[in-house]
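Notes for the structure review
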Amino acid sequence: MYDPRDLYQLAGDVPELADPVLLYHFDGFVDAGGAGRLALGHLLAELEHQVVATFDVDRLLDYRSRRPIMTFDTDRWVDYESPELAVHAVADATGTPFLILSGPEPDREWELFVKAVGGLVGELNVSKLVTVHGIPMGVPHTRPLGVTMHASRPGLINSQTSAFGRVQVPGSVAGLLELRLGAAGHDALGYAIHVPHYLSQAEYPHAAVAALEAVTRGTGLVFPMDALREAAQRTTAEIEEQIQASDELSTAISGLEQQYDAFAGGAERENLMAEPVQMPTGDELAAQFERFLAERDDDH
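Residues numbered from 1 in each chain as written. Predicted model: local features only at pLDDT ≥ 70, side-chain atom pairs only at ≥ 80, totals over all residues. Heavy atoms only, no water.

**Some points on the packing of aromatic side chains**
- Per the stated rule, a full pass over the model turns up six aromatic pairs.
- Ring centres of Y24 and F26 lie 5.9 Å apart, and the angle between their planes is 45 degrees; this geometry places the pair in the tilted category. For the pair Y24 and F26, one class covers both residues: buried.
- Measuring from ring centre to ring centre gives 5.8 Å for F98 and F223, while their planes differ by 65 degrees; the resulting arrangement is edge-to-face. Highlighted residues: F98 in strand 7 (residues 97-104) and F223 in the loop between helix 5 (205-219) and helix 6 (226-244), separated in sequence by 125 residues. Assigned by exposure class, F98 and F223 land together as buried.
- In this structure an aromatic cluster arises from ring pairing among Y8, Y24, F26, F55 and F113.
- Directly above the ring of Y2 sits R59, whose terminal nitrogen or CZ lies 5.6 Å from the centroid. (Phe/Tyr/Trp six-rings, centres within 6.5 Å; stacked < 30°, edge-to-face > 60°. Buried < 20%, exposed > 50% of the residue type's maximum accessible area, 1.4 Å probe, protein only. Helix = DSSP H or I, 4+ residues; strand = E, 2+ residues; numbered from the N terminus. Lys NZ or Arg CZ within 6 Å of the ring centre and 35° of its normal.)

Okay, here's the thing in structure tokens:
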């Protein structure tokens, strides 16, 4: 029988924490627009933090499926980007302490990893676990981003009309954490940001902004947002530049806007396509935006 405590190591100088929130996101599962990755990455870049626990990535990761980057210089290897799965102690903009767990999603030993996180939750007196990520949806970028909320018990989220019924989807460690730790009595919730399907493969800072705003509403934590909002504004300007240069994209976005507005206005579904618009598929839209973004990067 394996001991879950063998999967992690606590730092020697763990700060005093009073019922902190634990934000978590793992790279590797669906994250349209990079919503979760950008959101937590932004917090670690903007806020002071220290590592309080690290996980044994040699046991948890399959290096051959996600090979770490190595640097070769002329005639020798000079660097290796070792993957890190760690818990950071952070203070928000008001000085309130919280925790961030981030890194690559484990490839193996999911149940043991969940038990290990549960052990850390107890040791660090975590009051609530919160995760964020993006999901692709057939919505236009010109409308407010939707959010699907989920939680280990109903009282943690406000009532909402979900876009989903009962569905079966590929599993994730983030979902398993909410399921298992929720069943063990811990409060766990998550926010899935609705990202326009044609932008799901690109970095979309608007989704990260929406994710952190949702976390603030759910936890009271306050985050510095100026840099992220500025990145979102630049991205919007670049997207609009691409749309204005393409009649096909303009027509497609207009069609999505009509559908969105009809749904938002409570129109009957049969009326949505009374005047059908011939639109490219999500993959075709995404391909066009990817070509544009690649050309932009080349210019820089």
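**Details of the pattern of salt bridges**
- Using the criterion set out here, one finds 10 salt bridges in the structure.
- Of the charged contacts, one joins D107 and R66 as a salt bridge, the two residues approaching to 3.0 Å between their closest N and O atoms. On the criterion of sequence distance, the pair formed by D107 in the loop between strand 7 and helix 3 (110-123) and R66 in the loop between helix 2 (57-60) and strand 4 (70-73) is long-range, its members being 41 residues apart.
- Since its relative accessible area comes to 30%, R66 is described here as partly exposed.
- Here R180 and E111 are joined by a salt bridge, their closest N and O atoms 2.7 Å apart. Pair noted here: R180 is in helix 4 (residues 173-183) and E111 is in helix 3, with a separation of 69 residues, a long-range link.
- On the basis of relative accessibility, which here comes to 37%, the residue E111 falls in the partly exposed class. (Salt bridge = Lys/Arg side-chain N within 4 Å of Asp/Glu carboxyl O.)

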